[in-house]
Amino acid sequence: MSKVARSVLAASALAFAAMSSVPAPAAAADEKITILASVPGLTFPFFVHMMNAFKAEAEKQGVAVIESDGQVSSPKQTADVEAAIAQGVKGIVISPNEVDAMAPALQQAVEAGIPVVTVDRRVAQVEGILAHIGADNVKGGEAQGELIMKLYPDGATIINLQGQSGASPAIDRNKGLHNVLDKAADKYKIVFEQTAGFDRAKGLSVTEAALAALPEPPKVIVAANDDMALGALEAVKGRNLSGIAIIGFDALPEALAQVRDGGLTATIEQFPGKQSAIGVDTLVAFIKDGTKPAEQVHLLTPVAITKDNLNTAERLGEVK
């Protein structure tokens, strides 16, 4: 090979390397788009609703979806993401099981030139994620605390059922609750506080243990999701207790029915279907024509749902 030919070949290689380091171009108009949609676990009604919203919005956009059920296992969800990368998906929309544990897999996707949109749970440590769509969970926790103060202006004793350890919504909701209640800790006393893993059975068992340990029933049980709140309701009924305000989070149809019927005092609506639809729209717009979102982090403001504003709940139509 001549010296000139070698120089041309070297220049071509450098040009290819430079091209491979920039973001992938928008998909051709006639190219079939397939994305991965992943949630922490389809055993949770909240994530079933989220997955259904992913699929419905993808269908509207003419996009094929590979479903991923993380099975509440970060290794399983990681394997799903890695498999999707190997299959050459055009994008990933994901609610991570654990933000720290899922960071390496999402970093791998970003480095492979695959756009990633996170929903509900943000992985802030991974640079290059296209967007995060979620609820402001700190404000959601604050809404719980503010409602407690409104219901009990003279003070209250409180059991706090925290969410899954390591999950950003659990961390943020707990932070928001404490933001409000800690300012008046002399009146609003958290007498028992423990994780129940976002799980109904654990919500039941942890609440039973708390009620057995406390000298008298609390005025309030606040939970970081509705499943735990519904478990707490079972524990309260099992002891034939009344007059305890139970406040959940997520506005599941079953929880909305209990708010309507008086079993739960309130739940927090964070609009997961809307989050999911915006996530898919954001991802597909970038894949199709390179459109970047106006803001990298888009947070919806949660609201407390009581009997008084039950008609504003996103999933009221599913209530039986």
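Just so it is clear, the model here is predicted, and its values are computed rather than measured. (Residues numbered from 1 in each chain as written. Predicted model: local features only at pLDDT ≥ 70, side-chain atom pairs only at ≥ 80, totals over all residues. Heavy atoms only, no water.)

Draft legend 1. The arrangement of helix H4 (residues 99-111) in detail. An ideal rise of 1.5 Å per residue puts 18 Å on 13 residues; H4 measures up with 18 Å between its terminal C-alpha atoms. Taken as a whole, H4 carries its principal kink of about 30° at Ala105. Among the residues of H4, those classed as buried are Val99, Met102, Ala103, Ala105, Leu106 and Ala109. Buried-residue contacts for H4 involve helix H3 (74-87), strand S3 (91-94), strand S4 (116-119) and helix H6 (168-181). (Helix = DSSP H or I, 4+ residues; strand = E, 2+ residues; numbered from the N terminus. Expected span 1.5 Å × (residues − 1). Bend = angle between axes of the 7 residues up to and from the residue. Buried < 20%, exposed > 50% of the residue type's maximum accessible area, 1.4 Å probe, protein only. Contact = heavy atoms within 4.5 Å.)

Draft legend 2. The packing of aromatic side chains, seen in detail. Under the criterion given, the structure shown has 2 aromatic pairs. Note on Phe44 and Phe47: the rings are 6.0 Å apart at their centroids and 90° apart in plane angle, and the pair reads as edge-to-face. Neither residue differs from the other here; Phe44 and Phe47 are each classed as buried. Relative to Phe47, the ring of Phe46 has its centre 5.2 Å away and its plane inclined at 85°; by these criteria the two rings are edge-to-face. We classify Phe47 as buried; its relative accessible area is 6%. (Phe/Tyr/Trp six-rings, centres within 6.5 Å; stacked < 30°, edge-to-face > 60°.)

Draft legend 3. Structural detail: H3. With 14 residues, H3 should reach 20 Å at 1.5 Å per residue; the first-to-last C-alpha distance of 20 Å fits that figure. For H3, the complete set of buried residues consists of Ser74, Gln77, Thr78, Asp80, Val81, Ala84 and Ile85. One side of H3 holds all its buried residues, which, seen down the axis, span an arc of 160°. Of the residues in H3, the exposed ones pointing more than 90 degrees away from the buried face are Pro75, Ala86 and Gln87. Its buried side turned inward, H3 meets strand S1 (34-39), strand S2 (64-69), S3 and H4. The positive-phi residue at the C-terminal boundary of H3 is Gly88, with phi of around 80°. (Arc of directions from axis to C-beta.)

Draft legend 4. Seen up close, the domain arrangement of the chain. Under the domain assignment used here, the chain contains domain 1 (34-135 + 271-300) and domain 2 (137-269). With centres defined by C-alpha atoms, the gap from domain 1 to domain 2 works out at 29 Å. Each partner contributes residues to the interface: domain 1 has 12 residues there, and domain 2 has 14 residues. Carbon and sulfur atoms supply 50% of the area buried between domain 1 and domain 2, which totals about 1100 Å² over both sides. (Domains from an automatic or database assignment. Buried area = accessible area lost by both parts, 1.4 Å probe.)

Draft legend 5. Up close: the sheet that holds S4. Taken in spatial order, the 6 strands make up an open sheet running S2-S1-S3-S4-S5-S11, and their pairing is parallel. If you trace the sheet from one side to the other, it starts and ends with S2 and strand S11 (297-300), each paired once. The average angle at which neighbouring strand axes cross in this sheet is 15°, direction not considered. Strand direction decides the pairing type here: S1 and S3, joined by 4 bridges, are parallel. Across the sheet, Leu36 pairs through a bridge with Ile92, a residue of S3. Strands in contact with helix H2 (residues 45-60) are S1, S2, S3 and S4; relative to S1, the strand with the most contacts, it is inclined by about 165°. Packing against the sheet, helix H10 (residues 272-289) makes contact with S1, S3, S4, strand S5 (131-135) and S11, and its axis sits at approximately 170° to S5. (Pairing = 2+ DSSP bridges. Axes fitted to C-alpha atoms, helices over the stretch in contact; angles between N-to-C directions.)

Draft legend 6. Molecular detail of the nonpolar core. Core analysis: the largest hydrophobic core is formed by 58 residues, its most contacted members being Phe54 and Val93. Here the element with the most residues in this core is helix H8 (residues 226-238); it accounts for 7 residues. Structurally, this core is a two-domain feature, drawing no fewer than three residues from each of domain 1 (34-135 + 271-300) and domain 2 (137-269). The residues touching Val93, leaving out its near neighbours within four places in the chain, are Ile35, Leu36, Ala37, Ser38, Phe54, Val117, Val119, Gly279, Val280 and Leu283. By size, the runner-up hydrophobic cluster in this structure holds 18 residues, among which are Ile92, Leu106, Ala109 and Val126. (Core = buried A, V, L, I, M, F, W, Y, C linked by side-chain atoms within 4.5 Å.)

Draft legend 7. Spotlight on the packing of H3 against H4. At a minimum axis distance of 9 Å, the contact between H3 and H4 shows a crossing angle of 5°. In terms of orientation, H3 and H4 fall into the roughly parallel class. On the side of H3, the interface is formed by Ser74, Gln77, Thr78, Val81, Glu82 and Ile85, while H4 contributes Ala101, Met102, Ala105, Gln108 and Ala109. Grouping the amino acids of the contact of H3 with H4 by side-chain chemistry returns 6 nonpolar, 4 polar and 1 charged. (Parallel < 35°, antiparallel > 145°, perpendicular 65-115°, else oblique. Nonpolar A, V, L, I, M, F, W, Y, C, P; charged D, E, K, R; others polar.)

Draft legend 8. Up close: empty space enclosed by the protein. Evaluation of the coordinates by the stated rule reveals 2 cavities of 30 Å³ or more. In this model, the largest cavity occupies a volume close to 90 Å³. Along its surface, the largest cavity is lined by Phe44, Phe46, Phe47, Asp120, Arg121, Pro169, Arg173, Phe198, Asn225, Asp227, Asp250 and Gln270. Secondary structure elements with two or more residues in the lining of the largest cavity: H2 and H6. In terms of residue class, the lining of the largest cavity is built from 5 nonpolar, 2 polar and 5 charged. Looking at which domains feed residues into the lining of the largest cavity, each of domain 1 (34-135 + 271-300) and domain 2 (137-269) gives three or more. In this structure, the second largest cavity encloses a volume near 50 Å³. Lining the second largest cavity, in full, are Gln144, Asn160, Leu161, Gln162, Ala170, Arg173, Asn174, Leu177, Val222, Ala223 and Ala224. With 4 residues, the top contributor of residues to the lining of the second largest cavity is H6. Split into classes, the residues belonging to the lining of the second largest cavity amount to 6 nonpolar, 4 polar and 1 charged. (1 Å grid on protein atoms, 1.4 Å probe; cavity = no way out; pocket = protein on both sides within 12 Å on 5 of 7 lines; lining within 4 Å. Points joined across faces, edges and corners; volume = space filled by probe spheres on them.)

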